[in-house]
Amino acid sequence: MVVSLPLVFNAPRRGMPPRHLADLDSAERREVVKELGLPGFRADQLARQYYGRLEADAEKMTDLPAAVRDQVGSELFPVLLTPVKHLACDGGETRKTLWKANDGTLLESVLMRYPDRATLCISSQAGCGMACPFCATGQAGLQRNLSTAEIVDQVRAAAAALRDGEVAGGPGRLSNVVFMGMGEPLANYKRVVAAVRRITSPAPDGLGLSQRSVTVSTVGLAPAIRKLADEDLSVTLAVSLHTPDDELRDTLVPVNNRWSVAEVLKAARYYADKTGRRVSIEYAMIRDVNDQPWRADLLGKKLRKALGALVHVNLIPLNPTPGSEWDASPKPVEKEFVRRVLAQGVSCTVRDTRGQEIAAACGQLAAEN
Ligand code: SAH
């Protein structure tokens with residue numbers, strides 16, 4: 001891919017932040033280093049600082065001559081994200097960070113520590129244009145796409161915070177990344193795919209997480225799901241289905257008016273076949289809206305038919321959002337729903353939801369300061 005890269009002066013790009021090292025793949029990185037008049041070996045040296053040592057401040061890259069640090073700082077390491085605040089709960093093991101981008105745009109990421117893993121939930125857009133009525137992010141609309149580097153830097157920052165023991169539970173390692181924060185990742189396709197490559201490439205080209213521990217969640221943009229299947233990545237795909245019938249889904253996930261349940265499931269099947277990966281189905285349990293026994297039966301039947309064994313249903317108890325009259329389903333209803341999905345031969349569990357008290361749970365990210 002050829003991108004036009006501003007020379008010498010790293011000018012702000014229209015509606016986007018200035019160029020950053022993490023926007024570039026390895027060939028582009030070498031090209032820019034050459035354009036800056038630096039010796040070729042600096043390209044990988046800079047990448048090792050950023051991806052390997054998780055260092056984003058050129059002033060602290062002491063293996064660079066002092067004279068070069070300034071230039072490298074403004075050309076390749078502009079400050080993209082500044083933490084505005086951290087909010088924690090679960091004894092500090094869930095931590096939400098509100099970030100301010102270079103142009104003042106606000107976005108959030110959430111780090112969740114478990115006994116066996118640490119998962120970061122990241123944003124791919126500031127706001128979201130998908131307008132799902134039960135999701136707080138959808139209520140405010142889309143502000144803008146995040147750049148590749150803005151997406152990657154959320155991950156670098158969390159990995160550094162864990163390594164440096166800034167998160168309760170002692171020093172640790174980031175193991176999983178989920179694109180389940182603000183935004184619709186497949187509506188920012190190119191930057192998200194580039195970010196996935198940077199997150200999963202081994203050093204010096206990326207942060208070296210395994211592809212299998214990265215999950216991309218989508219409202220169901222069918223053509224983009226197919227395109228993702230053809231990228232030769234083995235990331236987990238999650239589809240926010242929320243109901244098996246078009247009539248209700250047209251209102252819960254408005255993009256269903258464009259790509260129906262059947263089309264979304266067909267695309268999901270293509271993804272599963274192409275990657276060999278089981279697809280996750282997200283289903284927020286909304287009391288008296290989508291939690292009826294017949295819907296559980298229909299969900300199980302449709303998934304069994306479309307995806308066979310290559311599917312897993314995650315039920316998410318609805319998290320409250322400002323101004324919404326909807327509630328989570330009562331536990332007995334939830335239990336019966338699980339039972340019925342399982343009875344159709346489809347695996348199904350209820351997701352342990354975290355971060356409600358700090359508005360960090362699914363559907364609650366509104367980047368309010
Ligand atoms: N736009 C993508 C990525 C966001 S993931 C997508 O929709 O998949 C966020 C997940 O939380 C989605 O499955 C979304 O449907 C779900 N969600 C949104 N609002 C919620 C709420 N109030 N309670 C529980 N889950 C919610």
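Residues numbered from 1 in each chain as written. Predicted model: local features only at pLDDT ≥ 70, side-chain atom pairs only at ≥ 80, totals over all residues. Heavy atoms only, no water.

## Brief notes about the overall build of the chain
When helices and strands are tallied, the chain shows eleven helices and twelve strands. Rg of the C-alpha trace for the chain: 21 Å, near the compact-globule value of 21 Å for 369 residues, within the 12% margin. Expressed as lengths along the three principal axes of its C-alpha atoms, the size of the chain is roughly 70 × 40 × 35 Å. In the chain, which comprises 369 residues, the proportion classed as buried is 58%. When the accessible surface of the chain is summed, it comes to about 15,600 Å², and 52% of that surface belongs to carbon and sulfur atoms. Positive and negative side-chain charges of the chain, numbering 47 and 43 respectively, have mean locations separated by a distance of 4 Å. (Helix = DSSP H or I, 4+ residues; strand = E, 2+ residues; numbered from the N terminus. Rg over C-alpha atoms; globule rule 2.2 N^0.38 Å. Buried < 20%, exposed > 50% of the residue type's maximum accessible area, 1.4 Å probe, protein only. Areas by Shrake-Rupley, 256 points an atom, 1.4 Å probe, with all protein chains shown as cover. Lys, Arg positive; Asp, Glu negative; His and termini not counted. Charge placed at Lys NZ, Arg CZ, Asp CG, Glu CD.)

## A few points about the pattern of salt bridges
For side chains of opposite charge, pairing can occur when their charged atoms come near one another. Enumeration over the complete set of coordinates arrives at 20 salt bridges. In this structure, K96 and E108 form a salt bridge, with 3.2 Å as the shortest nitrogen-oxygen distance. One end of the pair, K96, is in strand β2 (residues 94–101); the other, E108, is in strand β3 (residues 106–113), and twelve residues separate them in sequence. Assigned by exposure class, K96 and E108 land together as buried. (Salt bridge = Lys/Arg side-chain N within 4 Å of Asp/Glu carboxyl O.)

## What about the site of the ligand?
The local shell around the ligand holds 21 residues, among which F134, S217, S240, H242 and N319 are the closest. The backbone of F134 places a nitrogen or oxygen atom 2.9 Å from a nitrogen atom of the ligand. Note that a nitrogen atom of the ligand is positioned 3.1 Å from one of the side-chain N or O atoms of E184. Computed on the free molecule, the ligand has an accessible area of 540 Å², of which 95% lies beneath the protein chains in the complex. Of the residues in the shell around the ligand, the class split is ten nonpolar, nine polar and two charged. (Near = heavy atom within 4 Å. Polar contact = N/O pair within 3.5 Å; in protein donor to acceptor, adjacent residues only side chain to side chain. Nonpolar A, V, L, I, M, F, W, Y, C, P; charged D, E, K, R; others polar.)

## Section: the side chain of R249
Note on placement: R249 falls in helix α8 (residues 246–252). The charged side chain of R249 is buried without a salt bridge, its nearest counter-charge being D246 at 6.2 Å. Apart from residues no more than four positions distant in its own chain, R249 is found in contact with V219, S240, L241, T243, P254, N256, W259, V261 and V264. (Contact = heavy atoms within 4.5 Å.)

## Considering the domain arrangement of the chain
We note that the domain assignment places domain 1 (1–8 + 21–64) and domain 2 (81–368) within the chain. Taken over C-alpha atoms, the centre of domain 1 sits 31 Å from the centre of domain 2. Each partner contributes residues to the interface: domain 1 has 15 residues there, and domain 2 has 15 residues. Each partner contributes to the roughly 1,200 Å² buried at the junction of domain 1 and domain 2, and carbon and sulfur atoms together form 57% of this total. Broken down residue by residue, the surface that domain 1 buries against domain 2 is led by D23, Y51 and L54, which jointly contribute 47%. The tally of links between domain 1 and domain 2 comes to one salt bridge. Residue D205 pairs with R29 through a salt bridge whose shortest N-O separation is 2.7 Å. Viewed at the interface, domain 2 and domain 1 are joined by eight residue pairs in polar contact (both at pLDDT 80 or more). Of all the secondary-structure elements, those providing two or more residues to the side of domain 1 that touches domain 2 are α1 (26–35) and α2 (41–52). (Domains from an automatic or database assignment. Buried area = accessible area lost by both parts, 1.4 Å probe.)

## Observations concerning the sheet that holds strand β9 (residues 236–240)
Neighbouring strands of a sheet are bound in pairs by backbone hydrogen bonds; such pairs are parallel or else antiparallel. Here ten strands make up an open sheet; going across it, the order is β1-β2-β3-β4-β7-β8-β9-β10-β11-β12 and the pairing mixed. Looking at strand neighbours, the two that pair on one side only are β1 (81–89) and β12 (347–350), the edges of this open sheet. Geometrically, the sheet is characterised by an average inter-axis angle of 20° between neighbouring strands, direction not taken into account. For β2 and β3, the ladder comprises seven bridges, and the chain directions are antiparallel. Paired with K100 across the bridge in β3 is L106. (Pairing = 2+ DSSP bridges. Axes fitted to C-alpha atoms, helices over the stretch in contact; angles between N-to-C directions.)

## Comments concerning the pairing of β12
Pairing of strand β11 (residues 311–317) with β12, which is carried by four bridges, proceeds in the parallel orientation. In the strand pairing of β12, N314 is matched with T349. For the segment spanning β11, helix α11 (residues 331–343) and β12, crossover handedness is right-handed. (Right-handed = clockwise from strand over helix to strand, strands pointing away.)

## Points about the pairing of β1
Two strands pair when backbone bridges link them, and β1 and β2 are joined in this way by eight bridges, in the antiparallel orientation. Directly across from K85, in β2, lies its bridge partner L98. In this structure, the hairpin formed by β1 and β2 is closed by a connection of four residues, where D90 is found at a positive phi of approximately 55°.

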